[in-house]
Amino acid sequence: MAKTARHWKRGRGKLGPLAPLTGTWTAQADSPMGPIRCTRTFTPILKGTRIELTARWEIGKGFYEELAIIGPDKDGNLASWSFTSDGKNSTGALADATDIHPQAIAFEAQMPAGLARMAYWPDEDGGFYWAVEAKNKKGWKRFTEHHYKKSF
């Protein structure tokens, strides 16, 4: 089992699980489309009642963007509302991802192709990993993973 990362400290309140993600983070990875660079910024908004996530993927000479709002839904449960530059959107709910790491933060969303999960978990050096997975009969199948480091 993965070790608990000391830098991954949960904050207070409904948004507490997202506290370790606050700030701007960058990952570089290889993909079937070539090298990519992704920058994710998590910013408290609306007097700290929500988190705004902006993500920009630079892929070759092109880019892909995401805007998400994370906060309590009408029932008080942590949820995410995501909109992407290709016109897609999703609504996710906080989900268990301790099968990935004991401190993982995840959201599950029902997509046209089935159930998907996006998860964040700490590394040992002050950064974090991010992955997107799809649920199948055998469990979760990962199709994207990035390693993020703090941008300064």
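The rules behind the values
Residues numbered from 1 in each chain as written. Predicted model: local features only at pLDDT ≥ 70, side-chain atom pairs only at ≥ 80, totals over all residues. Heavy atoms only, no water. Pairing = 2+ DSSP bridges. Helix = DSSP H or I, 4+ residues; strand = E, 2+ residues; numbered from the N terminus. Axes fitted to C-alpha atoms, helices over the stretch in contact; angles between N-to-C directions. Phe/Tyr/Trp six-rings, centres within 6.5 Å; stacked < 30°, edge-to-face > 60°. Salt bridge = Lys/Arg side-chain N within 4 Å of Asp/Glu carboxyl O. Core = buried A, V, L, I, M, F, W, Y, C linked by side-chain atoms within 4.5 Å. Buried < 20%, exposed > 50% of the residue type's maximum accessible area, 1.4 Å probe, protein only. Contact = heavy atoms within 4.5 Å.

Section: the sheet that holds strand E9 (residues 128-136)
An order of E1-E2-E3-E4-E5-E6-E7-E8-E9-E10 is seen for the 10 strands of this closed barrel, with the pairing classed as antiparallel. On average, each strand axis in the sheet is inclined to that of its neighbour by 25°, with strand direction left out of account. Inspection of the sheet shows strand E6 (residues 89-95) paired to strand E7 (residues 105-111) by 4 bridges, in the antiparallel sense. The residue bridging Leu94 from the neighbouring strand is Phe107, located in E7.

Here's the deal with the packing of aromatic side chains
Using the criterion set out here, one finds 8 aromatic pairs in the structure. Centroid distance Trp25 to Phe128: 4.9 Å. Interplanar angle 70°. Geometry classified as edge-to-face. Residue Trp25 is located in strand E1 (residues 23-31), and its partner Phe128 is located in strand E9; the two are separated by 103 residues in the primary sequence. Taking the centre distance of 5.5 Å and the plane angle of 70° together, the rings of Trp57 and Trp130 count as edge-to-face.

Regarding the pattern of salt bridges
By the definition in use, this model includes 7 salt bridges. Arg40 is the salt-bridge partner of Glu66, the closest N and O atoms lying 3.9 Å from each other. Here Arg40 lies in strand E2 (residues 34-45) and Glu66 lies in strand E4 (residues 62-72), a separation of 26 residues in the sequence. Salt-bridge contacts for Glu145 lead to Arg142; the nearest nitrogen and oxygen are separated by 2.7 Å. Three or more residues joined by partner-sharing salt bridges are found here, namely Asp99, Arg117, Glu133, Arg142 and Glu145.

Some words on the nonpolar core
Core analysis: the biggest nonpolar cluster contains 26 residues, and Leu18, Leu21, Phe42, Tyr120, Phe128 and Trp130 have the highest contact counts within it. Residue assignment for this core shows that the elements contributing at least two residues are E1, E2, strand E3 (50-59), E4, E7, strand E8 (114-122) and E9. At 5 residues, E3 tops the list of elements feeding residues into this core. Residues in contact with Phe128, not counting those within four places in the same chain, are Trp8, Leu21, Trp25, Phe42, Tyr120, Trp121, Pro122, Asp123, His146, His147 and Tyr148. Of all hydrophobic cores here, the second largest spans 7 residues; its members include Ala97, Ala106, Ala119 and Ala131.

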